[in-house]
Amino acid sequence: DTGVSQDPRHKITKRGQNVTFRCDPISEHNRLYWYRQTLGQGPEFLTYFQNEAQLEKSRLLSDRFSAERPKGSFSTLEIQRTEQGDSAMYLCASSLGLAESPYEQYFGPGTRLTVT
Amino acid sequence: AQKITQTQPGMFVQEKEAVTLDCTYDTSDPSYGLFWYKQPSSGEMIFLIYQGSYDQQNATEGRYSLNFQKARKSANLVISASQLGDSAMYFCAMREGDNYGQNFVFGPGTRLSVLP
């Protein structure tokens, strides 16, 4: 399978705990994106990387959220001191990073986070 | 203001019939791209079709076509010969400029149900 993979698929945690999610993009894709999707809504942009550089971070993103992409390959998204409002599906996507290209984003299956 | 509007929360279509899912967008950038994604109950976002703002012809991909009306700022998805497997959430998305970060936004989605 050469698609985008995410781990874990489901995570249940207690409020106040830290959680970390992993995303492995398609190997030749140099752009990687994180989105959050709540029930009945479209995905909401969180952050994106070109290779190992984090180029943008949503203005809405709390400082409890941090993402890394060491060596420009896989990425991790960490949420510290989780709150019930963090419960959502966290989607990762990757794309080719050519300027002016229409290249679509390919999404992984998502990690569903439930904070109790 | 909403960048992407999808006015149909839910749609029903009979198997083998065609269906149109509406999408209107708002941008002042002359260069933009419009995308449609399908999200089955499994949760994975699947890219369907892309239309660039400078493309002269409407995009087509198999049973999917995009009815692009630039002056009206609409980009409706047409699915011909609906199949039971088409039942899913459908999201319209827009990229403004060539930036896939903050300027890549999704609409709220339309849930399509195909009836046997």
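Cut-off values and rules
- Residues numbered from 1 in each chain as written.
- Chains lettered and ligands numbered in written order.
- Predicted model: local features only at pLDDT ≥ 70, side-chain atom pairs only at ≥ 80, totals over all residues.
- Heavy atoms only, no water.
- Contact = heavy atoms within 4.5 Å.
- Buried area = accessible area lost by both parts, 1.4 Å probe.
- Salt bridge = Lys/Arg side-chain N within 4 Å of Asp/Glu carboxyl O.
- Polar contact = N/O pair within 3.5 Å; in protein donor to acceptor, adjacent residues only side chain to side chain.
- Helix = DSSP H or I, 4+ residues; strand = E, 2+ residues; numbered from the N terminus.
- Core = buried A, V, L, I, M, F, W, Y, C linked by side-chain atoms within 4.5 Å.
- Buried < 20%, exposed > 50% of the residue type's maximum accessible area, 1.4 Å probe, protein only.
- 1 Å grid on protein atoms, 1.4 Å probe; cavity = no way out; pocket = protein on both sides within 12 Å on 5 of 7 lines; lining within 4 Å.
- Points joined across faces, edges and corners; volume = space filled by probe spheres on them.
- Nonpolar A, V, L, I, M, F, W, Y, C, P; charged D, E, K, R; others polar.
- Disulfide = S-S within 2.5 Å.
- Pairing = 2+ DSSP bridges.
- Phe/Tyr/Trp six-rings, centres within 6.5 Å; stacked < 30°, edge-to-face > 60°.
- Lys NZ or Arg CZ within 6 Å of the ring centre and 35° of its normal.

**Student:** Before we go on, may I ask you to explain the interface of chain B and chain A in this structure?
**Tutor:** By a widespread convention, an interface's size corresponds to the accessible area lost as its parts come together. Taken together, the contact between chain B and chain A spans 21 residues of the former and 25 residues of the latter. Taken over both partners, the interface formed by chain B and chain A buries close to 1900 Å², and the fraction arising from carbon and sulfur atoms is 50%. Taken together, the connections running from chain B to chain A amount to zero salt bridges. Here chain B and chain A share two residue pairs in polar contact (both at pLDDT 80 or more) between them. Secondary structure elements with two or more residues in the side of chain B that touches chain A: strand 5 (32–39), strand 6 (46–52), strand 10 (88–96) and strand 11 (104–106) of chain B. Element by element, the count of residues in the side of chain B that touches chain A is highest for strand 5 of chain B, at three residues.

**Student:** How should I be thinking about the nonpolar core in this particular structure?
**Tutor:** Where a protein is soluble and globular, its nonpolar side chains tend to be buried together. In terms of nonpolar packing, the biggest core is built from 24 residues, with B:Y25, B:W36, B:I49, B:L77, B:Y90 and B:L112 touching the most fellow members. Of all the secondary-structure elements, those providing two or more residues to this core are strand 3 (19–21), strand 5, strand 6, strand 8 (64–69), strand 9 (74–79), strand 10 and strand 12 (110–115) of chain B. In terms of residue count, strand 10 of chain B provides more of this core than any other element does, four residues in total. In this view, B:L77 contacts B:V19, B:T20, B:L21, B:W36, B:L48, B:I49, B:Y64, B:S65 and B:Y90; residues no more than four positions away in its chain are not counted. Grouped together as the second largest cluster of nonpolar side chains are 19 residues, A:L32, A:L61, A:A67 and A:V115 included.

**Student:** What should I look at first to understand the layout of surface pockets in this one?
**Tutor:** If a probe as big as a water molecule is rolled over the atoms, it shows which places are left empty. Taken as a whole, the largest pocket holds about 520 Å³ of empty space. For the lining of the largest pocket, the secondary-structure elements that each account for two or more residues are strand 5 (44–50) of chain A together with strand 11 of chain B. Here the lining of the largest pocket is built from residues that sort into nine nonpolar, seven polar and four charged. Looking at the second largest pocket, its volume works out to about 350 Å³.

**Student:** Explain the state of the cysteines to me, please; I cannot follow it from the model alone.
**Tutor:** Residues and elements named next belong to chain A. Applying the stated criterion across every chain, the model contains two disulfides over all chains. Disulfide partner of C23: C92, at an S-S distance of 1.8 Å. Here C23 and C92 share a disulfide; its torsion about the S-S bond, -70 degrees, makes the bridge left-handed. Linking C23 in strand 3 (residues 19–24) with C92 in strand 9 (residues 88–95), this pair joins segments that are 69 residues apart in sequence. The exposure classification of C23 matches that of C92, with both residues buried.

**Student:** Any chance you could explain the pairing of strand 6 (residues 53–57) of chain A here in plain terms?
**Tutor:** Moving residue by residue along a regular strand, the side chains alternate between the two faces of the sheet. Looking at chain direction, strand 5 of chain A and strand 6 of chain A are connected through four bridges and run antiparallel. Residue A:Y48 lies in a different strand from strand 6 of chain A, and its bridge partner there is A:E56.

**Student:** Looking at this structure, I do not really get the packing of aromatic side chains. What am I missing?
**Tutor:** The geometry of an aromatic ring pair is captured by the separation of the ring centres together with the interplanar angle, meaning the angle of the planes. A full pass over the atoms with the stated rule returns 17 aromatic pairs over all chains. Its guanidinium or amino end placed over the ring of A:F74, A:R22 lies 3.9 Å from that ring's centre, counting from NZ or CZ. A cation sits over an aromatic face here: B:R63 above B:Y64, 5.7 Å from the ring centre.

**Student:** When you look at the pattern of salt bridges in this model, what are you seeing that I'm missing?
**Tutor:** Two side chains with opposite charge may pair up if their charged atoms get near one another. According to the stated counting rule, one finds six salt bridges over all chains in the structure shown. Where A:D86 meets A:R64, a salt bridge forms, and the shortest distance between an N and an O atom there is 2.8 Å. Taken together, the positions of A:D86 in the loop between strand 8 (75–79) and strand 9 and A:R64 in the loop between strand 6 and strand 7 (65–68) put the pair 22 residues apart, joining distant regions of the chain. You'll find A:D86 and A:R64 in the same group, each marked buried. The salt bridge partner of B:E96 is B:K3, with a shortest N-O separation of 3.3 Å. Highlighted residues: B:E96 in strand 10 and B:K3 in the segment before strand 1 (4–5), separated in sequence by 93 residues. Where salt bridges share partners, they join A:R64, A:E83 and A:D86 into one cluster.

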